[in-house]
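Each chain, written out:
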Amino acid sequence: MENIVEFQNISFRYSEDEGEEKLPLAVDGVSLGIKAGECVAVLGHNGSGKSTLAKLSNSILIPTEGKVMVKGMDTADENLSYDIRKTVGVVFQNPDNQIVASIVEEDVAFGPENLGLPREEIRRRVDDALKAVDMYEYRTHESHKLSGGQKQRVAIAGIIAMRPECIFFDEPTAMLDPKGRKEVMDTIFRLNREYNITVVYITHFMDEAALADRVVVMDNAKILLDGKPKEVFKNDSLLKKIGLDVPSCAYLAKELRRENINIPEDILTREEFTQSVLKLLGEK
Amino acid sequence: MIKDITIGQFFPGNSIIHRLDPRMKLVLTFIYIIAIFLCKNFLAMGTMLLFLILTVLLSKISLKLIAKSIKPVFIIVLITSVLQIVYNNKGITLLELGRLHITTGGIFTAVFTTVRIVALVVASSLLTYTTSPTLLTDAIERLFSPLKIVKINVHSIAMMMTIALRFIPTLIDEVDKIMSAQKSRGADLESGNIIQRGKALVPVFVPLFINSFSRAYELAFAMECRCYKGGEGRTRLKEMKLAARDYIALFAILACCGVIILSNRLITAPEQYSNILDSFLRFVL
Amino acid sequence: MAIIQTENLSYVYSEGTPFRKTAIDNINISIEEGEFVGIIGHTGSGKSTLVQHLNGLLKPTSGRVLFNGQDINSSKEFTRTVRFSVGLCFQYPEYQLFESTVYRDIAFGPKNMGLSEKEIEEHVLKAADFVGLKKEMLNKSPFDLSGGEKRRVAIAGVIAMEPKVLILDEPTAGLDPQGRDTISDMIDNYRISTGSTVIVVSHSMEDVAKNASKVLVMNRGKVEFFTGVKEVFSNYERLVEIGLNVPQITGIFIDLKSRGYDVRTDIYTVAEAKKELVRLFRERGALK
């Protein structure tokens, strides 16, 4: 399948203030292709360079070395930045800092307004986007009175209203409570499955990463692992070493195998675990 | 406390006042505020008050909220009224307490000042209560768009106002939080003289500024992601079109202005009222 | 005697306005010296409002808060003393750093206590040591540090007051797994080595189950449970009902139980889970 976003051996360094020592590379020789329709999780500890990747994806930042191609468009070409951002949207961590207007529907309209669309088209896109994130009934509410999860969904709607083909989510659940986290993750998966939007989400929650089609692990500005969740989480000691973890089910499975209870190696979720215990106990 | 401030807030609704064209609302509020300062007699003032009361009722904004909007200026109103009563010695003396002369002129001026300040606050609160901040700044942008000719970037100013209004509640929450946190470390924000209090606020404002800068950065990124590149070529979700109700509202306020101008000419001003009252009281006594 | 106790504590926000809202409703709890209490509940359950009463930031609408048996709002002076004895560290405390150096920021609390320069230094160094900040970091600007380091500086700022009761609101929010572990261990270490009482506020059982001796579950402004960790887990149905997460491991046993297996549901560590599953497999003859 075609790559919708392609990072071609890129490096990036934040420019330092005058007289200060040179900052280390935030991204160091990364090559990564995101295929259309994929649902990818990017894992890494704080400061591993994963957030920079999101900003590099739609020409908010331009790589110091290498190229980022979005559907064949080079993000370094300023003339294309408009088209690139229509194709790849980014949702950030703190919903408070990405909502521009005080009223929900006016905020969602901000992107389409910038695109210079006719009024009826803006209206249609705002309504569709709010329905997609299940916030339509809140369209005339004030955004600052919403819960964290609701605000983040409004922020997502603001991006969806631009009708992008791919969305990068930069730790979209880091500041939310469990309820908000679930709302936002459900929304992300729905966008991928029902709306066929390519989704890349950056997280440091192992259980969220386990639900993706593909997991990319970053450490020290480089890509360390890249594969299906089940393959990636087999490397429990490596993940632990770089400050990450594996879902606790996977630990338990490993411990049980030592006792000759043959729970499969690639178990990541509670449901899978229970199913395999039942199977071993002779149930169907 | 800090969260009680309601000015600048918007209470969504569907009343006729909510539905007025925001440009018209801005113009009407402007005319109203000027007119209220031109009132020189009870008939004019009464007309303007009636107009305001009618507007409040039509807006279906709860009276409690209206009362809340006056709360912050209550002290100012009180002080100016007392000063007027104490220092204005025109008209007849009603009460004499040593050096203190309470006169009819003083009372009239105090009443007029009070009514003017309250009406001003209520009218402008009503504007923000019934108009979404985005529409309001949009209206400002459109009304002032002729200034483009003199190279003033009206769009940028309007966008800054939109963002400022959007972030006021967020920043109020943040101030509240930082104050609680520093109080938990023993910061004393409530006692001492002005200089000490100012100094005590450093631990509150430094983090607030630093956080605001990082918020601004993130917001700029987020706006770029949504293809923002200034006012050029932008379209709008909400149309602004003058409807019959807007012309009716304009007509109503102009009629009120007519009443003011006429009555100012024909009816005696309150200073003279006090003269009349003066002679009346003299007659009785 | 309990170090902290509340008597019929209630708090109502915006009393007398249309936005009136009861945040906490008739709370009666008592916390002993040296205990590690986890407070869980979701957003709006009243847990943050409750802890802001424990150091006198909020004044009860009705009821009392006692510190060592004395009403903390009995006098202004006593409230101020309690501020230092009950250290409260807010969520995302790194956003409250303000001084030019790490040292001065940590010293803010001790300075407000009116300690001498020498005592302040002792307090700061001790606190920095607790949170694992190296000496050379003390002269840096807090704004040049990484997110995790800032968090530790902010926590040190509260620890430096050497509070008898340390309260932390979501101390690990937004951190990666390693950062979460470091902070949790640090807090537990502080409790063990100083004998202080520790209260940690969180959204989920997972965060507090490991270290807490007791758990206070809040729901809609009321106390749902206030008991040992195991007892709370044995009432897992109620936890799920009020929308709280149970740890993944506990979930497995809940699922097994619902399928008719006789297993304990008060299990939340890998070691215990292993023991219980081995027992189950032995019993069923599925283990050779």
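Quick caveat: nothing in here was measured; it's all calculated off a predicted structure. (Residues numbered from 1 in each chain as written. Chains lettered and ligands numbered in written order. Predicted model: local features only at pLDDT ≥ 70, side-chain atom pairs only at ≥ 80, totals over all residues. Heavy atoms only, no water.)

Secondary structure assignment for chain A yields twelve helices and ten strands. By its C-alpha atoms, chain A is 65 × 50 × 40 Å across when sized along the principal axes. Counting only residues that meet the buried cut, chain A has 60% of its 284 residues in that class. In chain A, 62% of the contacts between residues at least 6 apart in sequence involve partners at least 24 apart. Roughly 11,600 Å² of accessible area belongs to chain A as shown, and the carbon and sulfur atoms make up 45% of that amount. On chain A, the mean spot of the 37 positive side-chain charges and the mean spot of the 48 negative ones are 4 Å from each other. (Helix = DSSP H or I, 4+ residues; strand = E, 2+ residues; numbered from the N terminus. Buried < 20%, exposed > 50% of the residue type's maximum accessible area, 1.4 Å probe, protein only. Contact = heavy atoms within 4.5 Å. Areas by Shrake-Rupley, 256 points an atom, 1.4 Å probe, with all protein chains shown as cover. Lys, Arg positive; Asp, Glu negative; His and termini not counted. Charge placed at Lys NZ, Arg CZ, Asp CG, Glu CD.)

Turning our attention to the interface of chain B and chain C. The interface is formed by 18 residues belonging to chain B together with 23 residues belonging to chain C. Carbon and sulfur atoms make up 62% of the area that chain B and chain C hide from each other, which totals about 1,800 Å². Broken down residue by residue, the surface that chain B buries against chain C is led by K177(B), S184(B) and R185(B), which jointly contribute 37%. Summed over the shared surface of chain B and chain C, the number is one salt bridge. With a shortest N-O distance of 3.0 Å, R185(B) and D105(C) are connected by a salt bridge. (Buried area = accessible area lost by both parts, 1.4 Å probe. Salt bridge = Lys/Arg side-chain N within 4 Å of Asp/Glu carboxyl O.)

One pass over the structure, following the stated rule, counts four cavities of 30 Å³ or more. By volume, the largest cavity amounts to about 220 Å³. As for the largest cavity, its lining consists of 18 residues, and the residues nearest its centre are E113(A), T134(B), D138(B), R234(B) and R236(B). Only α4 (110-114) of chain A together with α7 (133-143) and α8 (154-184) of chain B provide two or more residues apiece to the lining of the largest cavity. When residues of the lining of the largest cavity are assigned to their parent elements, the largest contribution, five residues, is made by α7(B). In terms of residue class, the lining of the largest cavity is built from seven nonpolar, four polar and seven charged. By volume, the second largest cavity amounts to about 80 Å³. Every residue along the wall of the second largest cavity is listed here: A181(B), Q182(B), R185(B), L88(C), C89(C), F90(C), P93(C), Q96(C), L97(C), A154(C) and V158(C). Of all the secondary-structure elements, those providing two or more residues to the lining of the second largest cavity are α8 of chain B together with β7 (86-89) and α5 (147-159) of chain C. For the lining of the second largest cavity, the residue count by class is eight nonpolar, two polar and one charged. (1 Å grid on protein atoms, 1.4 Å probe; cavity = no way out; pocket = protein on both sides within 12 Å on 5 of 7 lines; lining within 4 Å. Points joined across faces, edges and corners; volume = space filled by probe spheres on them. Nonpolar A, V, L, I, M, F, W, Y, C, P; charged D, E, K, R; others polar.)

All names here are of chain C. On the secondary structure map, K210 appears in the loop between α7 (205-209) and β10 (214-219). Overall, the relative accessible area of 54% leaves K210 in the exposed class. Other than its neighbours up to four places away in sequence, K210 contacts D185 and Y268.

In this section: the environment of R99(B). As for its placement among the helices and strands, R99(B) is situated in the loop between β1 (93-97) and β2 (100-103). In sequence terms R99(B) and T137(B) are 38 residues apart; their C-alpha atoms lie 51 Å from each other.

Next up on the list: the sheet that holds β7(C). All names here are of chain C. Spatially, β7-β8-β9-β4-β10-β11 is the arrangement adopted by the six strands of the open sheet, whose pairing is mixed. What marks the edges here is a single partner per strand, and that holds for β7 and β11 (222-228). Each neighbouring strand pair of the sheet contributes to a mean axis angle of 15 degrees, computed without reference to strand direction. Each of β4 (36-40), β8 (165-169) and β9 (197-202) is contacted by helix α6 (residues 177-194), which is oriented at about 155 degrees to β9, the strand it contacts most. (Pairing = 2+ DSSP bridges. Axes fitted to C-alpha atoms, helices over the stretch in contact; angles between N-to-C directions.)

The subject of this paragraph is the domain arrangement of chain C. Residue and element names in this part refer to chain C. What the domain assignment lists for chain C is domain 1 (4-242) and domain 2 (247-288). Contacts between the two partners involve nine residues from domain 1 and, on the opposite side, ten residues from domain 2. The junction of domain 1 with domain 2 conceals about 830 Å² of combined surface from both sides, 68% of it contributed by carbon and sulfur atoms. Counting the surface domain 1 buries against domain 2, the share from its top three residues, K230, F233 and Y236, is 68%. Viewed at the interface, domain 2 and domain 1 are joined by one salt bridge. Between E272 and K230 there is a salt bridge; the shortest N-O distance is 2.6 Å. Counting every contact that joins domain 1 to domain 2 gives one residue pair in polar contact (both at pLDDT 80 or more). (Domains from an automatic or database assignment. Polar contact = N/O pair within 3.5 Å; in protein donor to acceptor, adjacent residues only side chain to side chain.)

Residues and elements named next belong to chain A. Within the secondary structure, D219 sits in strand β9 (residues 214-219). At 3.0 Å, the side chain of D219 forms a polar contact with the side chain of H45. Contacts of D219, omitting those with residues within four sequence positions, involve H45, S48, L224 and I242.

So, on to the packing of aromatic side chains. One pass over the structure, following the stated rule, counts 14 aromatic pairs over all chains. With a centroid separation of 6.3 Å and an interplanar angle of 75 degrees, the aromatic rings of F7(A) and F168(A) are classed as edge-to-face. Here F7(A), found in strand β1 (residues 3-12), pairs with F168(A), found in strand β7 (residues 166-170); they are 161 residues apart in sequence, far enough to count as distant. Exposure remark for F168(A): the relative accessible area of 2% places this residue in the buried category. An aromatic cluster of at least three residues, connected via ring pairs, comprises F42(B), F108(B) and F112(B). The ring of F167(B) has R166(B) sitting right over it, with the charged end atom 4.1 Å from the ring centre. Sitting above the plane of the F226(C) ring, K214(C) keeps its charged end 4.1 Å from the centroid. (Phe/Tyr/Trp six-rings, centres within 6.5 Å; stacked < 30°, edge-to-face > 60°. Lys NZ or Arg CZ within 6 Å of the ring centre and 35° of its normal.)

All names here are of chain A. For helix α7 (residues 178-193), with 16 residues, the first-to-last C-alpha span of 22 Å sits near the 22 Å given by 1.5 Å per residue. When we look at burial in α7, the residues that qualify are G180, R181, E183, V184, M185, T187, I188, F189, L191 and N192. Elements that come into contact with the buried residues of α7 comprise β3 (39-43), α5 (119-132), α6 (148-160), β7, β8 (198-203) and α8 (206-209). (Expected span 1.5 Å × (residues − 1).)

Turning our attention to the confidence of the model for chain C. Confidence in the prediction of chain C, expressed as mean pLDDT, is 91, and 98% of residues score 70 or more. Per the prediction output, this complex has pTM 0.87; the corresponding ipTM is 0.90. (pLDDT = per-residue confidence, 0-100.)

This part takes up unusual backbone geometry. Despite not being glycine, E171(A) has its phi angle at roughly 45 degrees, a positive value. Looking at where E171(A) falls in the secondary structure, it is placed in the loop between β7 and α7. What makes E171(A) buried here is its relative accessible area of 8%. Positive phi, close to 65 degrees, is recorded for K151(B), a residue that is not glycine. Mapped onto the secondary structure, K151(B) falls in the loop between α7 and α8.

The next thing to look at is the interface of chain B and chain A. Facing the 34 residues of chain B at the interface are 41 residues of chain A. Surface buried jointly by chain B and chain A totals about 3,400 Å² across both partners, of which 55% is contributed by carbon and sulfur atoms. Summed over the three residues of chain B that lose the most area to chain A, namely R166(B), R226(B) and L237(B), the buried surface amounts to 26% of that side. Counting every contact that joins chain B to chain A gives six salt bridges. Across the pair R166(B) and D96(A) runs a salt bridge whose closest N-O atoms are separated by 4.0 Å.

Pairing between the strands of a sheet comes from backbone hydrogen bonds, and it takes one of two forms, parallel or antiparallel. All names here are of chain A. Within the open sheet, the four strands sit side by side as β2-β1-β4-β5. Their pairing is antiparallel. Every interior strand has two partners, whereas the edge strands, β2 (27-35) and β5 (73-74), have only one. Taken together, the five bridges between β1 and strand β4 (residues 65-70) define a ladder with antiparallel strand orientation. Within β4, the residue paired with F7 across the bridge is V68.

Another aspect to go through is the nonpolar core. Grouped together as the largest cluster of nonpolar side chains are 53 residues, with contacts concentrated most on F169(A), Y201(A), V217(A) and F233(A). Residues L97(C), V153(C), M161(C) and L239(C) belong to the second largest nonpolar core, which totals 52 residues. (Core = buried A, V, L, I, M, F, W, Y, C linked by side-chain atoms within 4.5 Å.)

Once that is clear, we can look at the packing of α8(B) against helix α10 (residues 202-225) of chain B. Describing two packed helices takes the angle between their axes plus the distance from one axis to the other. Residues and elements named next belong to chain B. Remark: α8 packs on α10, axes separated minimally by 10 Å, with the N-to-C direction vectors making an angle of 140 degrees. As the angle between them shows, α8 and α10 are arranged oblique. The two elements α8 and α10 cross, and the hand of that crossing is right-handed. Contacts between α8 and α10 involve M159, I163, F167, T170, L171, E174, V175, I178, M179 and Q182 from the first element and P203, V204, P207, L208, N211, S212, R215, L219 and M223 from the second. (Parallel < 35°, antiparallel > 145°, perpendicular 65-115°, else oblique. Left-handed = near helix turned anticlockwise from the far one by under 90°.)

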